[in-house]
Structure formats: C-alpha cells, structure tokens
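# A structural walkthrough
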Amino acid sequence: MEIGKFLLVAISLALVFGLVQSFEFTEKDLASEESLWDLYERWRSHHTVSRDLTEKQKRFNVFKANVMNINKVNKMDKPYKLKLNKFGDMTNHEFKSSYAGSKINHHKMFRDSSRGGNGRFMHEKTENLPPSVDWRKKGAVTSVKDQGKCGSCWAFSAVVGVEGINQIKTNKLVSLSEQELVDCESDNQGCDGGLMENAYEFIKKNGGVTTERIYPYQARDGTCDASKLNSPVVMIDGHESVPENDENALMKAVVNQPVSVAINAGDSDMQFYSEGVFTGDCGTELDHGVAIVGYGTANDGTKYWIVKNSWGPEWGEQGYIRMQRGIDAEEGQCGIAMEASYPIKLSSDNPKSAPLKDEL
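Read on for an overview of the structure.

How each quantity is defined
Residues numbered from 1 in each chain as written. Predicted model: local features only at pLDDT ≥ 70, side-chain atom pairs only at ≥ 80, totals over all residues. Heavy atoms only, no water. Core = buried A, V, L, I, M, F, W, Y, C linked by side-chain atoms within 4.5 Å. Buried < 20%, exposed > 50% of the residue type's maximum accessible area, 1.4 Å probe, protein only. Helix = DSSP H or I, 4+ residues; strand = E, 2+ residues; numbered from the N terminus. Salt bridge = Lys/Arg side-chain N within 4 Å of Asp/Glu carboxyl O.

### Regarding the nonpolar core
Val 242, Leu 250, Val 259, Met 270 and Trp 305 are the most contacted members of the largest nonpolar core, which has 64 residues in total. Here this core gets 6 residues from one element, more than from any other, and that element is helix α10 (residues 247-256). Listed in part, the 26 residues of the second largest apolar core include Ala 158, Leu 176, Leu 181 and Tyr 200.

### So, the pattern of salt bridges
Inspection of every chain in the model, using the stated rule, returns 17 salt bridges. For Arg 42, the salt bridge goes to Asp 29, with nearest N and O atoms at 2.8 Å. With Arg 42 in helix α2 (residues 33-46) and Asp 29 in the loop between α1 (2-21) and α2, this residue pair connects regions lying 13 residues apart in the sequence. What makes Arg 42 partly exposed here is its relative accessible area of 33%. Owing to a relative accessible area of 13%, Asp 29 belongs among the buried residues under this scheme. Note that Glu 33 is salt-bridged to Lys 64, the shortest N-O span being 3.2 Å. One end of the pair, Glu 33, is in helix α2; the other, Lys 64, is in helix α3 (residues 53-74), and 31 residues separate them in sequence. Relative accessible area serves as the criterion here: at 39%, Glu 33 is assigned to the partly exposed category. A single network of salt bridges, built from pairs that share partners, joins Lys 145, Glu 163, Glu 178 and Glu 212.

Here's what the structure looks like:
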C-alpha cells in the first residue's frame, strides 16, 4: 500500500514537472487578436515575465510574430520542431545580442594564428569509431546550466570539457565554476564574450578551477575573488585543438571526451528549437560556445551531434540540441567543426588544496 502511494506521488510530481516545463498553444490561440493577447498573458504568467504598460504592446507584437513563425515552421516537413519558450517576446536581434553574443569570430582575430594548444592532436590514431557515443550515459556530464543574459557561453563550454575529462580520469563528476572564469580570466571579456581555449589556458596556469558551490554563478561580470581563485579543485595539463573543418577528426575527439565547439546560434529557428535533428539554415559567423557530448543516428538515418547548451533545461531537448552531422559543407552544421578544442588531463590527481567531497 505504501509503495502504491509512493508511486502515485512520483507520477503526480512527474506530471506537474512536465506541465511546468512545457507551454503549448493551438490554432484557436492564433485565431484572433483577443485570443493572442490571452495567450501572451498566459505565457507571461507561465514564465513570470513582468512588462510595464508602455512596453507591453511592443512586446506583444514581437510575441505574436514569433508565435506565427513557430506555427508556420512546425507545419513544414522538417526533422525538427519549434516551441514557444522563455524567449517568446524577444526579437531575434535581442536574442542574439543576449544569448549568442560571445563574438567568437571577433576574439579569434586577436588570437595567435596557431590557435594555441600544443599543436598536436592526441586522438588522431583513434580507430573503429562506434556508431554512437553519449557521455551523459557514462556519467561525465553535469546537469544543464543557464548562462542568463551574459555572453559567458565560452566559460560554460570550457567547463563542460573540464568536468568531462575530470570524470573520465577520476570517476568523480564535479560541477565547476563558470563565474571564476568570467571574473578572473583576463584574456576573455567575461559577459562580452571570449574563447574556450583561453579558458583552458587559464585553468592550466592557475593550477586548476574551483567548484560551482565555492564560486557560484552570478550571470554578470564581477571582481575576481582571490580567496576562491586560490582554492582549485580540478586541474588540467593543457588543451589541444581539433583539426579545423574535419568532422571525422571531431568524431575521434568526441569518442574520447566531451569537446568544446563554437557555432552560429543566431538563427530564429534555433531560438525556439524544441526537438529533433536541427537542420536549419545558419551561417558560419561563430557567436556561441557549446559542447559536444556525443553523437548518433536518428531513425530516418540522419546523423547528428549531441550538443549541450547553456540556455537552461527548458530550451530544446532538456537543454540539449541534436545538430546534423556529416553534411556536405566541410565546416559542419552552423560551423560546428571550425573551432573545436578539448582539455588534456594526464593523471587522476587533483590539487590537494581543496577536497572533492560533497561537490558532486
């Protein structure tokens, strides 16, 4: 009897969680201006979005255009679907400025043409690649995080790489601090963008990076906290770059560990991506750092990368996007093969200055 009650509670919680995480609309909601206003009010309440009266009409017009586009795209024969999410009343320009504003191409212009690292590719001789890989199932990926309105995706991308290789080497999954990188890594510009490779180099030179619990994320630029900076928990020995525009080399790297990559994330379809293999039109003007944590093939034969994003778990497939793999363009879907890198960790030893206990 007690087991039955427990199952009932668990199912009820699951249903409630599902309702919280999803926000659907029907053709009836789009039928008139009045029904659209009602939809907008329900969306605002769902996402606890506050708008003053002077801005509300403008935001409603943006919301209406987004909803109509989502409905239009979902009626097309595409292998992916869109949904109305927390970005519902943001223009695509506003969305790009806030959430795809890492300006990776801009920062690349000021970086040594060697791309940093040690100039080698340690996974070059990896052979017999498996048909699929998913580092989430191997316990090497932490829960999805949210960068907020801060162009710190580069920090989240690099942290995924370090969390992953640390788990692979130590069998301990530790959530690490993006805020330490935002505040203390001087070669990048915090919320104004940066490069994952600079983050890796900083972590190496600093003797490691501390945990999310010790140095929590604030979604804004802050002053470097020296006391927390000097409490490294996970170290790396350096980083390497994946050969550019080579998806086969990228697969070899991903077989061995999660990999940081840069993409063009400004497409309006990506703003509202919900599920499926993303095949949308996007350029190669790299503006967002993410991380590949696996790959596979859909039932229809479409090959894809499993990409961890930093826009929260409500976006996409619980915070992830499957992006088409093996397209004709050598730079890959949205430029995913252009700027890939990963950290190197040669041993399972971690700094002795801070314990790993209670950090999972």
